[in-house]
Amino acid sequence: MILLTTSRRPTRRIRTFCHDLARSIPNIVRINRGKLGLDGVAEKALEFNADRVVIIDRWRGGPGKIEFFQTGPGGLFPVSPMMYIAGMRLQREFEGTKAKPIQTLTITTPLEKNPQVVKIAEFLSNFLDIPMLSMDEATSRCSAAMHISLDPSRRTQITFMLLPDAVEVGPRVTLSRVVWEVEK
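These numbers come from a predicted model, not from an experiment.

K.L.:
Hey, could you run me through helix α1 (residues 12-24) in this one?
P.N.:
Since the α-helix packs 3.6 residues into each turn, any two residues three or four apart lie on the same face. Over its 13 residues, α1 extends 18 Å from the first C-alpha to the last, a length consistent with the 18 Å expected when each residue adds 1.5 Å. Listing the buried residues of α1 in full gives Ile-14, Thr-16, Phe-17, Cys-18, Asp-20, Leu-21 and Ser-24.

K.L.:
Hey, could you run me through the pairing of strand β6 (residues 105-108) in this one?
P.N.:
Consecutive side chains along a regular strand alternate between the two faces of the sheet. Neither face of β6 is open: one carries Leu-105 and Ile-107, the other Thr-106 and Thr-108, and all of them are buried. Bridging between β6 and strand β7 (residues 144-150) involves four bridges; their strand directions are parallel. Looking across to β7, one finds that Ile-107 is bridged to Met-146.

K.L.:
I'm lost on unusual backbone geometry in this one. Help?
P.N.:
The phi angle of most residues is negative, glycine excepted, and most peptide bonds adopt the trans form. The peptide bond linking Leu-163 to Pro-164 adopts the cis configuration, its omega dihedral lying at 10 degrees. Mapped onto the fold, Pro-164 is located in the loop between β8 (156-162) and β9 (167-179). The amide bond that connects Gly-170 to the next residue, Pro-171, takes the cis arrangement and shows omega of 0 degrees. Inspection of the secondary structure assignment puts Pro-171 in strand β9.

K.L.:
Looking at this structure, how should I read the pattern of salt bridges?
P.N.:
Going through the model one piece at a time under the given rule, you end up with five salt bridges. Asp-20 is paired through a salt bridge with Arg-23; the nearest N and O atoms lie 2.9 Å apart. A residue pair is termed a helical-turn pair when its members lie 3 or 4 positions apart in one helix, as Asp-20 and Arg-23 do in helix α1 at three residues. Given a relative accessible area of 22%, Arg-23 falls into the partly exposed group. Across the salt bridge formed by Asp-51 and Arg-52, the nearest N and O atoms sit 3.0 Å from each other. Note on Asp-51: relative accessible area 34%, which makes it partly exposed.

K.L.:
Any chance you could explain the sheet that holds β8 here in plain terms?
P.N.:
Hydrogen bonds along the backbone pair up the strands of a sheet, which may run parallel or antiparallel. Taken together, the nine strands give an open sheet; going across it, the order is β2-β1-β3-β4-β5-β9-β8-β7-β6, and neighbouring strands pair in mixed fashion. Each end of this open sheet is capped by a strand with a single partner; those strands are β2 (28-30) and β6. Each adjacent strand pair in this sheet contributes to an overall mean axis angle of 25 degrees, direction not counted. Two elements, β7 and β8, share seven bridges in a ladder whose sense is antiparallel. When the bridges of β8 are listed, Ser-149 appears paired with Gln-157. Of the strands in this sheet, β1 (2-6), β3 (52-59), β4 (62-72), β5 (75-89), β6, β7, β8 and β9 are in contact with helix α3 (residues 115-128), which crosses β7 at around 150 degrees.

K.L.:
Can you walk me through the nonpolar core in this structure?
P.N.:
Where a protein is soluble and globular, its nonpolar side chains tend to be buried together. Counting 37 residues, the largest nonpolar core has Ile-25, Ile-56, Phe-68, Met-83, Leu-124, Met-146 and Ile-148 as the members making the most contacts within it. Setting aside residues up to four positions removed in sequence, Phe-68 forms contacts with Val-53, Val-54, Phe-77, Pro-78, Val-79, Pro-81, Met-83, Phe-123, Leu-124 and Phe-127. In terms of nonpolar packing, the next biggest core, distinct from the first, is built from eleven residues, Leu-3, Val-29, Ile-31 and Ala-45 among them.

K.L.:
Sorry, what's going on with the pairing of β1 here?
P.N.:
The buried count for β1 comes to five of five residues, which makes it a mostly enclosed element. Burial of the side chains of β1 extends over both faces: Ile-2, Leu-4 and Thr-6 are buried on one face and Leu-3 and Thr-5 on the other. When β1 meets β2, the two strands line up parallel, connected through three bridges. Paired with Ile-2 across the two strands is Ile-28, which belongs to β2. Between β1 and its parallel partner β2, the chain crosses via α1, and the hand of that crossover is right-handed. Taken together, the five bridges between β1 and β3 define a ladder with parallel strand orientation. Looking at β3, one finds that Leu-4 is bridged to Val-54.

Cut-offs applied
- Residues numbered from 1 in each chain as written.
- Predicted model: local features only at pLDDT ≥ 70, side-chain atom pairs only at ≥ 80, totals over all residues.
- Heavy atoms only, no water.
- Helix = DSSP H or I, 4+ residues; strand = E, 2+ residues; numbered from the N terminus.
- Expected span 1.5 Å × (residues − 1).
- Buried < 20%, exposed > 50% of the residue type's maximum accessible area, 1.4 Å probe, protein only.
- Pairing = 2+ DSSP bridges.
- Salt bridge = Lys/Arg side-chain N within 4 Å of Asp/Glu carboxyl O.
- Axes fitted to C-alpha atoms, helices over the stretch in contact; angles between N-to-C directions.
- Contact = heavy atoms within 4.5 Å.
- Core = buried A, V, L, I, M, F, W, Y, C linked by side-chain atoms within 4.5 Å.
- Right-handed = clockwise from strand over helix to strand, strands pointing away.

So this is what it looks like as structure tokens:
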């Protein structure tokens, strides 16, 4: 189980983004953080039997970074990488799509393998406990895909699509950078 929460003073957009992620990723539980410090978040994770935590942090009034943690006897321990957000599009901003909880999810990448995309996909697959499949396998075995690719400006983009038609339903996150060395 994975616990998903926000920074201490989230904006409405951050809360909506967390809600979208909770609908899109199976086995994730979202909580409102309120005034909880990291120790309080660790306690909440134990209450939900969550061994991993994802925190969406704020920067300049919008979603700024995604931090990953492992729970342990001493609280939360940061896990590399830290992902900085350049931009995002929420589920409600995709026309003609009706947001509903996703039951089976896989991670896919484009056929041309970019090393950064593959590294992020492998990390997310391991951390979120979601299988990584080719697009052909995914269309026959899963109802949705978290597709990781490069956008036209060569930034890493993570988006959610319904299968088998590969209809993008969001959310979509564009990363400005990924820091693989996080201070413990």
